[in-house]
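# Results of the structural survey
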Amino acid sequence: MINAVLVGCGAMSKAWLDAAQQVDGLAIVGLVDLDADRARARAQEYGLTNAVIGSNLDAVLDQIKPQAVFDVVVPAARRAVALSAFAHNCHLLTEKPLADSPENARAIVEAARRAGRIHAVVQNRRYVANVRRIRRFLDSGAIGAPTSIHADFFVAPHFGGFREEMAHVLLLDMAIHTFDAARYMVNGEPAGVYCQEWEPASSWYRQGSSASAVFDLGDGKVFTYAGSWCAAGFRTSWESAWRIVAERGSLIWDGHDDLRAEAVMPGREGIFDKTQPIEVPPLDASDRVGGHLGILQDFMHAIETGTEPETRGGDNIKSLAMVFGAIESAETGRRVTIAEEAQ
């Protein structure tokens, strides 16, 4: 049995606790929140009658001595939670983003390394079934090496609350899902980015609801991202709409269930190469899926076996570097090199 303390009992904690209830060998033994009444209410909601409730993480960890901490706090508090967890010899699974700044991200990853503890990030969109299928299909070489990756994200949610007051709201709060998926699907290593942000006249956000970025993902691969959180009509999937162009064909995915590929075949029709549909194979039995549940299962397996989880902090920092690189580019109006320490 692995005992864990969850810190941060806001709305997002429900997805964590829903998943945790489905994981054999995992027990939530403590709930921490600055508002202890909110932690107490969450414990009652999930039947965690024996969980220790508190508003001070260090005090709860001293009392319980769990093996793991689940971090669902706001990004600005993430570094303090991480350092506390590692100081108490706990493994750490954290909500995305890994940190609220490049400096804090590096500090957290380094602290995990020094403590010898497993540290992973809930990059749950990576565990979407079609993301797995695309990576496996491209790795097979069926349409050659990918050369360009294109993602469109256009939705118009009226969240209310803090998001509508955030700076760089699209890049900071949502785009990392798409950036991480792109990096994973084509096995890319981010090297540089140019990005522009703007605020449409119809926007209800303070700043950064719309953005366009071009990333260098290494080995001749270019990733373009176009997104908006105030684009009403013809809404895309939350997973974005994708086109991946490769040496001998292309793949498209609508972000839902429509996943198709075409491969170049011998001959031409006028000025165009002939193409034919090619099957994208179904999921492999070894593919890890399931969103938060898949992440939790991977994290538990890593603790039990001493292996590194796929979304470990030392790797996820590369996806976060794409976000901060895009923000710096938008602020300065120039191309930004992705920091070497994120490679």
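Residues numbered from 1 in each chain as written. Predicted model: local features only at pLDDT ≥ 70, side-chain atom pairs only at ≥ 80, totals over all residues. Heavy atoms only, no water.

### Focus: the overall build of the protein chain
Broken down by element type, the protein chain carries nine helices and 15 strands. In summary, the protein chain has a C-alpha radius of gyration of 21 Å against a globular reference of 20 Å for 343 residues, a match within 12%. Taken over the C-alpha atoms alone, the protein chain extends approximately 75 × 45 × 40 Å along its principal axes. In the protein chain, which comprises 343 residues, the proportion classed as buried is 52%. A separation threshold of at least 6 residues defines the contact pool for the protein chain, and within that pool the share at least 24 residues apart is 69%. For the protein chain, the exposed surface amounts to about 15,400 Å²; the carbon and sulfur share of it is 50%. (Helix = DSSP H or I, 4+ residues; strand = E, 2+ residues; numbered from the N terminus. Rg over C-alpha atoms; globule rule 2.2 N^0.38 Å. Buried < 20%, exposed > 50% of the residue type's maximum accessible area, 1.4 Å probe, protein only. Contact = heavy atoms within 4.5 Å. Areas by Shrake-Rupley, 256 points an atom, 1.4 Å probe, with all protein chains shown as cover.)

### A word on the side chain of Ser228
Tracing the sequence through the fold places Ser228 in strand 10 (residues 222–228). Note on Ser228: relative accessible area 6%, which makes it buried. Those residues within four positions of Ser228 in sequence are excluded, and the remaining contacts are Phe153, Phe154, Val155, Leu170, Ser209 and Ser210.

### Topic: the pairing of strand 4 (residues 68–71)
Where burial is concerned, the two faces of strand 4 agree: the one with Ala68 and Phe70 and the one with Val69 and Asp71 are both buried. Across four bridges, strand 1 (residues 2–7) lies against strand 4 in parallel orientation. Bridge assignment links Val5 to a residue of strand 4, and that residue is Val69. With four bridges joining them, strand 4 and strand 5 (residues 91–95) adopt parallel strand pairing. (Pairing = 2+ DSSP bridges.)

### Digging into the layout of surface pockets
Approximately 1,100 Å³ is the volume attributed to the largest pocket. Taken together, 39 residues make up the lining of the largest pocket; nearest its centre are Val72, Val73, Val74, Pro75 and Arg78. Every element with two or more residues in the lining of the largest pocket is listed here: helix 4 (78–87) and helix 7 (169–185). The residue inventory of the lining of the largest pocket, partitioned by class, reads 23 nonpolar, seven polar and nine charged. (1 Å grid on protein atoms, 1.4 Å probe; cavity = no way out; pocket = protein on both sides within 12 Å on 5 of 7 lines; lining within 4 Å. Points joined across faces, edges and corners; volume = space filled by probe spheres on them. Nonpolar A, V, L, I, M, F, W, Y, C, P; charged D, E, K, R; others polar.)

### Examining the sheet that holds strand 9 (residues 210–216)
Spatially, 14-13-12-11-7-10-9-8-15 is the arrangement adopted by the nine strands of the open sheet, whose pairing is mixed. Of all strands in the sheet, those with a lone pairing partner are strand 14 (272–278) and strand 15 (336–337), marking the two edges. Its contacts with the sheet put helix 7 on strand 7 (146–154), strand 8 (192–198), strand 9, strand 10 and strand 11 (241–246), and the angle it makes with strand 10 is roughly 150 degrees. Across the sheet, helix 9 (residues 313–332) touches strand 8, strand 9, strand 10 and strand 15, and the angle it forms with strand 8 is around 60 degrees. (Axes fitted to C-alpha atoms, helices over the stretch in contact; angles between N-to-C directions.)

### Notes on the sheet that holds strand 4
The strand order 3-2-1-4-5-6 describes an open sheet built from six strands, whose pairing is parallel. Each of the sheet's edge strands pairs with one partner strand only, and the pair in question is strand 3 (52–54) and strand 6 (119–122). Here the strands of the sheet are splayed against their neighbours by 25 degrees on average, with no regard to which way each runs.

### What about the nonpolar core?
Within the largest apolar cluster, 75 residues are counted, with the highest numbers of intra-cluster contacts made by Phe179, Phe215, Phe223, Trp242 and Leu251. For this core, the leading source of residues is helix 7, giving eleven residues. If near-sequence neighbours (up to four positions away) are discounted, Leu251 is found in contact with Ile134, Phe137, Ile143, Trp242, Arg243, Ile244, Leu259, Arg260, Ala261 and Val280. Counting residues in hydrophobic clusters, the runner-up holds 30 residues, among them Ala39, Ala43, Phe70 and Ala120. (Core = buried A, V, L, I, M, F, W, Y, C linked by side-chain atoms within 4.5 Å.)

### Section: the pairing of strand 13 (residues 259–269)
Two faces belong to every sheet, and in a regular strand the side chains alternate between them. Here strand 12 (residues 249–253) runs beside strand 13; their pairing, made up of five bridges, is antiparallel. Bridging across to strand 13, Ser250 finds its partner in Glu262. Once strand 12 ends, the chain turns through five residues before running back antiparallel as strand 13, passing Gly255 with a positive phi of about 85 degrees. Strand direction decides the pairing type here: strand 13 and strand 14, joined by six bridges, are antiparallel. Its bridge partner being in strand 14, Val264 is matched across the sheet by Thr275. Between the end of strand 13 and the start of strand 14, which pair antiparallel, lie two residues, with Gly270 showing a positive phi angle near 65 degrees.

### Notes on the packing of helix 1 (residues 13–20) against helix 8 (residues 291–305)
Where helix 1 meets helix 8, the axes come as close as 9 Å, and the angle between the chain directions of the two elements is 60 degrees. As judged from the angle between their axes, helix 1 and helix 8 are oblique. Crossing handedness for the pair helix 1 and helix 8: right-handed. Between helix 1 and helix 8, the residues in contact are Ala15, Trp16, Ala19 and Ala20 and His292, Leu293 and Leu296, respectively. (Parallel < 35°, antiparallel > 145°, perpendicular 65-115°, else oblique. Left-handed = near helix turned anticlockwise from the far one by under 90°.)

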